[in-house]
Amino acid sequence: MANGDFLREAQERGFIFQCTDLDALGSAMGAAPIQAYIGFDCTADSLHVGSLVQIMILRLLQKHGHKPVVLMGGGTTRIGDPSGRDESRQLLTDEVIAANMAGIRRCFAPFLRFGDDASGAIMVNNADWLDTLGYIPLLRDVGVHFSVNRMLSFDSVKLRLEREHSLTFLEFNYMILQSYDFRELNRRLGVVLQIGGSDQWGNIVSGIELTRRTDQKQVFGLTTPLITTSSGAKMGKTAQGAVWLTADRVPAYDYWQFWRNTEDADVGRFMRLFTDLPLDEIARLESLGGAEINEAKKILATEATALCHGREAATAAAETARRAFEEGEAAEDLPSIDVSADDLAAGIPAFRLFTLSGLAASNGEARRLIRSGGARVNDEAVTDEGRVVSPADLRDGAIKLSSGRKHHRLVRVG
């Protein structure tokens with residue numbers, strides 16, 4: 001049965017940054033189940049950890065009996081959201097957008113339960129209505145309710161102009177289309193709440209005002225905070241690149257390691273946001289000090305990985321890490337790459353293998369890793385940039401590469 005407890009738990013877990021009318025929204029949620037949506041543009045074929053707060057708040061919404069609506073931006077991706085960017089997004093072809101959408105769909109299945117019942121999540125595509133819009137009717141029906149002066153005051157526009165970076169007329173229309181989405185979802189499905197990141201506040205408020213002016217209906221907006229680490233780094237980025245939510249992009253072991261490497265000060269906050277652990281258990285774990293905080297990090301890593309990749313994969317990743325770090329084994333389940341027998345027989349520069357394996361983003365970065373003393377082959381430090389890896393380095397059919405103490409790969413002959 002739906003109730004108002006969603007907002008209480010969302011606040012306790014740190015999901016809420018702004019809300020247009022928290023008391024009225026709480027009353028609406030307490031009276032009956034509501035439908036709420038978040039939009040996801042199709043700019044890549046997967047989502048990464050930077051989108052996980054949005055997915056997790058939909059999960060929490062569903063836990064409390066409300067219906068999550070995942071809006072795929074098949075139409076808005078053709079425009080490009082200017083929020084938080086200094087330059088225009090690359091325009092994608094319809095074929096690429098369709099392929100990206102198919103990839104992104106996979107990211108939601110582990111986190112949400114889809115179905116036609118009262119709290120079953122649904123997925124819709126805004127291309128279904130945006131692609132059929134007529135320009136003049138849109139201007140008369142929607143454009144008349146937008147003040148250019150007001151649009152220029154929103155951060156997504158103002159920051160771009162203050163930095164004297166180009167903002168195309170195409171991008172300027174994004175706010176209007178996102179507002180149209182909210183009204184359309186309210187008309188079609190009865191959606192009364194839009195959720196988004198803090199950079200979406202202006203777009204969300206515009207949709208609320210459009211719905212009120214044209215349909216005389218009250219709808220609500222809620223934003224989540226920008227998530228950074230305690231050291232100020234952007235959430236979901238590592239030296240190896242973005243931490244994607246699909247196993248073909250980032251294996252479960254690497255995903256586990258990402259969470260295991262959480263800074264001490266972030267453990268409790270990340271547990272509240274990115275796991276289903278009870279709040280009292282999180283309070284106990286984040287109070288641990290000294291070496292015990294590492295046990296809390298392992299629990300965070302295992303619980304976050306279990307949500308995304310399944311409990312079995314999370315347990316296997318934790319065991320692989322234990323064997324690799326605590327027993328010094330080149331565990332069989334470490335992520336691996338294949339090289340040909342001929343290439344290995346000819347000798348492969350170690351720096352090149354570190355790049356191929358993803359432990360370094362480029363050959364230059366791999367060389368710097370070696371110079372800094374952070375590169376190891378079979379747990380032995382590589383001190384020579386010219387070090388060549390050959391069949392003599394095989395141990396039980398594999399070669400173990402390590403970047404620092406926490407990132408490992410196996411090289412196999414394929």
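Predicted, not measured: the structure shown is a model, and the values here were computed from it. (Residues numbered from 1 in each chain as written. Predicted model: local features only at pLDDT ≥ 70, side-chain atom pairs only at ≥ 80, totals over all residues. Heavy atoms only, no water.)

Caption draft 1: Layout of the pairing of strand S5 (residues 193-197). Burial runs high along S5: 5 of the 5 residues are buried. Taken together, the 2 bridges between strand S2 (residues 35-41) and S5 define a ladder with parallel strand orientation. Pairing of Tyr37 across the sheet is with Gln194, part of S5. As defined by bridge partners, S5 adjoins strand S6 (residues 220-224) across 5 bridges and the pair is classed as parallel. Bridge pairing in S6 links Gln194 to Gly221. As for the winding sense of the linkage, the β-α-β connection from S5 through helix H11 (residues 201-215) to S6 is right-handed. (Buried < 20%, exposed > 50% of the residue type's maximum accessible area, 1.4 Å probe, protein only. Helix = DSSP H or I, 4+ residues; strand = E, 2+ residues; numbered from the N terminus. Pairing = 2+ DSSP bridges. Right-handed = clockwise from strand over helix to strand, strands pointing away.)

Caption draft 2: Seen up close, the nonpolar core. Core analysis: the largest hydrophobic core is formed by 97 residues, its most contacted members being Leu25, Leu52, Phe108, Leu245, Tyr255, Trp259 and Phe274. Leu344, Leu359, Ala366 and Val377 belong to the second largest nonpolar core, which has 20 residues in total. (Core = buried A, V, L, I, M, F, W, Y, C linked by side-chain atoms within 4.5 Å.)

Caption draft 3: Representation of the sheet that holds strand S9 (residues 336-339) in the model. Pairing in this open sheet of 5 strands is mixed, and the strands run S9-S15-S14-S11-S12 from one edge to the other. The open sheet has two free edges, formed respectively by S9 and strand S12 (380-381), since each of these has just one partner strand.

Caption draft 4: Summary view of the packing of aromatic side chains. Scanning all chains against the criterion turns up 7 aromatic pairs. Taking the centre distance of 5.6 Å and the plane angle of 65 degrees together, the rings of Tyr37 and Phe182 count as edge-to-face. A residue pair is termed long-range when its members are at least 10 positions apart, and Tyr37 in strand S2 and Phe182 in helix H10 (residues 174-189) qualify at 145 residues. The class for Phe182 is buried, based on a relative accessible area of 0%. Both rings, one in Phe270 and one in Phe274, keep their centres 5.6 Å apart while their planes meet at 70 degrees; by these two values the pair is edge-to-face. (Phe/Tyr/Trp six-rings, centres within 6.5 Å; stacked < 30°, edge-to-face > 60°.)

Caption draft 5: Inspection of the sheet that holds strand S4 (residues 122-125) at higher detail. Reading across the sheet, the 6 strands line up as S1-S6-S5-S2-S3-S4 and stay open at both edges, with mixed pairing between neighbours. Two strands close off the open sheet at either side, each with one partner strand: strand S1 (18-19) and S4. Note that strand S3 (residues 67-73) and S4 share 4 bridges and pair parallel. Directly across from Val69, in S4, lies its bridge partner Ile122. Where H11 meets the sheet, it contacts S1, S5 and S6, and its direction lies at approximately 170 degrees from that of S6. (Contact = heavy atoms within 4.5 Å. Axes fitted to C-alpha atoms, helices over the stretch in contact; angles between N-to-C directions.)

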